[in-house]
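Chains, contacts and geometry: an overview
Next come the chains, spelled out residue by residue.
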Amino acid sequence: MHILHVVGARPNFMKAKPVHAALAAYSHIKQTLVHSGQHYDMNMSDVFFQQLELPAPDVNLQVGSGSHAQQTAEVISRFEEVVLERKPDVVLVYGDVNSTVAAALVCAKLQVPVAHVEAGLRSFDRTMPEEINRVLTDQISSLLFTPSSDGNENLEREGIPSDRIRLVGNVMIDTLVRLLPRTAARRSVGLPPRFALVTLHRPSNVDDISWLGAMLKELSEISTELPVLFPVHPRTTERLRLTGMNGERSSLRLMDPLPYVDFLALQTAATVVITDSGGIQEETTYLGIPCLTVRENTERPVTATMGTNTLVGRSIPRMRDEVTKILQGKAKKGSIPPLWDGHAAERIAATLAGA
Ligand code: UD1
């Protein structure tokens, strides 16, 4: 049996690694890894392959950056040739990035079965490019692996037969569990005793320059009480330049994007994480670290209902209030969702191996 994985952007790499490793235990399965090249910088891609110990991709489509249409179209046209040449039995796609939907569409048209890892998540907000990618990918996948039961409910409501859906748990947590022991050494070096860790890269937060400027001003204010560490995504770096702010006058420390283990180490030690990422809402829930999500909605509601996540929307006073509560020792307590146990990828591999 030949299984081909497609990855493209930073959050895909930590999801693909545990599945690739779990499938390696089955001698009848041959694996191919295709990188679309959507993310290409050393610190957005290569360093993740190194730290996660993902094998070098067999194929890199080198699509690079572009508009959504350009990027998606490039993956479609370049990936079709790979599928025709390599003839996989199943193609595994991950998450909700442009490379995910593009690869799934190629396979659906060629009638090659697609299995979607992290299926069923919905923000119900179609202004998010990721929501479009999720809905479309799920509709054309043959097998849908969900991280939590809300995913099953969403898929069934959209008419997907339940025999195609498997609740397996969260593969991102598999990687976290495996690499958590490596964070100890990094935690000890020069971290403030209390700090806020920030990431922002969603178009809804960074494309509106006046909102981004207001956020930065507030983070700068917060940093007078609580140091703020902010590894900046390349998309955000471009936008920050336009605000003319650089955080220099305060304890707001802007830095380059961090490798996986280094960022995980910061999460484990943070007093609060302020983010618009999806994966970080999940990681903080697993770690029991308070998370404030600067979005109006989340496709990962279990992190708010069971976990430590609080949606603060696009509201600076709300964010400020929640930070104050946390500093007063009144942080939200949470628990770990079912099947976020470090073994999700083994369940996926067992299903695929028996298919
Ligand atoms: C993509 C995903 C998003 C995910 C995020 C994680 C889509 C629609 N979005 O968003 O869901 O949360 O990845 O990072 O697929 N850039 C570089 N170097 C790189 C990659 C990007 O400089 O290695 C810059 C380029 O200016 C590029 C911009 O970042 O235009 C945006 O990259 P892109 O892959 O289009 O989207 P992300 O914002 O990273």
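Residues numbered from 1 in each chain as written. Predicted model: local features only at pLDDT ≥ 70, side-chain atom pairs only at ≥ 80, totals over all residues. Heavy atoms only, no water.

Core analysis: the largest hydrophobic core is formed by 39 residues, its most contacted members being Leu92, Tyr260 and Leu352. Counting contributing residues, this core receives three or more from each of domain 1 (2–170 + 340–353) and domain 2 (181–327). Those residues in contact with Leu92 that lie beyond four places of it in its chain are Ile3, Leu4, His5, Val6, Val19, Leu23, Ala115, Val117 and Leu352. Ala196, Val206, Ile274 and Val294 belong to the second-largest nonpolar core, a separate cluster that totals 26 residues. (Core = buried A, V, L, I, M, F, W, Y, C linked by side-chain atoms within 4.5 Å. Buried < 20%, exposed > 50% of the residue type's maximum accessible area, 1.4 Å probe, protein only. Domains from an automatic or database assignment. Contact = heavy atoms within 4.5 Å.)

Let's shift gears to the site of the ligand. With respect to spatial proximity, 21 residues lie near the ligand, and among them His39, Glu130, His201, Arg235 and Glu238 are the closest. Tyr40 is positioned with one of its backbone polar atoms (N or O) 2.9 Å from an oxygen atom of the ligand. In the environment of the ligand, a nitrogen atom lies 2.9 Å from a nitrogen or oxygen atom belonging to the side chain of Asp41. In the complex, the protein chains occlude 88% of the 740 Å² of accessible area that the ligand would expose alone. (Near = heavy atom within 4 Å. Polar contact = N/O pair within 3.5 Å; in protein donor to acceptor, adjacent residues only side chain to side chain. Areas by Shrake-Rupley, 256 points an atom, 1.4 Å probe, with all protein chains shown as cover.)

This part is about the environment of Ile140. Looking at the element boundaries, Ile140 is found in the loop between helix H5 (129–139) and strand E6 (143–146). As for Ile140 and Ala108, which are separated by 32 residues in sequence, their C-alpha atoms are 6.1 Å apart. If we skip the residues at most four places from it in the chain, Ile140 touches Ala104, Leu105, Ala108 and Val114. (Helix = DSSP H or I, 4+ residues; strand = E, 2+ residues; numbered from the N terminus.)

Moving on, we get to the sheet that holds strand E3 (residues 59–60). The strand order E3-E2-E1-E4-E5-E6-E7 describes an open sheet built from 7 strands, whose pairing is parallel. The two strands at the open ends of the sheet, each matched to only one other strand, are E3 and strand E7 (165–167). As defined by bridge partners, strand E1 (residues 2–7) adjoins strand E4 (residues 90–94) across 4 bridges and the pair is classed as parallel. Each bridged residue has a counterpart across the sheet, and for Ile3 the counterpart in E4 is Val90. (Pairing = 2+ DSSP bridges.)

Before going further, it helps to examine the sheet that holds strand E9 (residues 228–231). With parallel pairing, 6 strands are arranged side by side in an open sheet as E10-E9-E8-E11-E12-E13. Only two strands of the sheet have a single partner each, and these edge strands are strand E10 (252–255) and strand E13 (309–311). The average undirected angle you get between the axes of adjacent strands in this sheet is 20°. Along the sheet face, helix H12 (residues 260–269) touches strand E8 (196–199) and E9 and points at about 135° away from the line of E8. (Axes fitted to C-alpha atoms, helices over the stretch in contact; angles between N-to-C directions.)

This part takes up the pattern of salt bridges. Considering all chains together, one arrives at 22 salt bridges under this definition. The residue Arg122 makes a salt bridge to Glu158 at a minimum N-O spacing of 2.7 Å. Of this pair, Arg122 sits in the loop between strand E5 (114–117) and H5 while Glu158 sits in the loop between helix H6 (149–157) and E7; the two residues are 36 residues apart in sequence, bridging distant segments of the chain. Accessibility expressed as a relative area gives 25% for Glu158, which makes it partly exposed. For the salt bridge of Glu130 with Arg202, the shortest nitrogen-to-oxygen distance reads 2.8 Å. Note that Glu130 is positioned in helix H5 and Arg202 in the loop between E8 and helix H9 (203–206), a separation of 72 residues in sequence. Judged by relative accessible area, which is 15%, Glu130 ranks as buried. Arg202 gets classed as buried once you look at its relative accessible area, which sits at 9%. Through salt bridges with shared partners, one network takes in Lys15, Asp96, Glu118, Glu131, Arg134, Glu282, Arg295, Glu299 and Arg300. (Salt bridge = Lys/Arg side-chain N within 4 Å of Asp/Glu carboxyl O.)

Next up on the list: the packing of aromatic side chains. Evaluated as defined, the whole model comprises 2 aromatic pairs. Pairing Phe13 with Phe48 gives two aromatic rings, centres 6.4 Å apart and planes at 45°, and the pair type is tilted. Separated by 35 residues along the polypeptide, Phe13 in helix H1 (residues 10–23) and Phe48 in helix H2 (residues 42–52) bring together distant segments of the chain. Judged by its relative accessible area of 0%, Phe13 falls in the buried class. Relative accessible area serves as the criterion here: at 2%, Phe48 is assigned to the buried category. Among the aromatic residues, those joined into a cluster by ring pairs are Phe13, Phe48 and Phe49. (Phe/Tyr/Trp six-rings, centres within 6.5 Å; stacked < 30°, edge-to-face > 60°.)

Time to look at the domain arrangement of the chain. Structurally, the chain comprises domain 1 (2–170 + 340–353) and domain 2 (181–327). For domain 1 and domain 2, the distance between their C-alpha centroids amounts to 27 Å. Taken together, the 24 residues of domain 1 in the interface contact 23 residues of domain 2. Summed over the three residues of domain 1 that lose the most area to domain 2, namely Asn43, Gln51 and Trp340, the buried surface amounts to 31% of that side. With its nearest N and O atoms 3.4 Å apart, the salt bridge here joins Arg134 to Glu299. There are 9 residue pairs in polar contact (both at pLDDT 80 or more) connecting domain 1 and domain 2. (Buried area = accessible area lost by both parts, 1.4 Å probe.)

This part is about the pairing of strand E11 (residues 272–275). The two faces of E11 match: Val272 and Ile274 on one face and Val273 and Thr275 on the other face are all buried. As defined by bridge partners, E8 adjoins E11 across 4 bridges and the pair is classed as parallel. Considered in E11, the bridge of Leu197 is made with Val273. Inspection of the sheet shows E11 paired to strand E12 (residues 291–293) by 3 bridges, in the parallel sense. In the strand pairing of E12, Ile274 is matched with Leu292.

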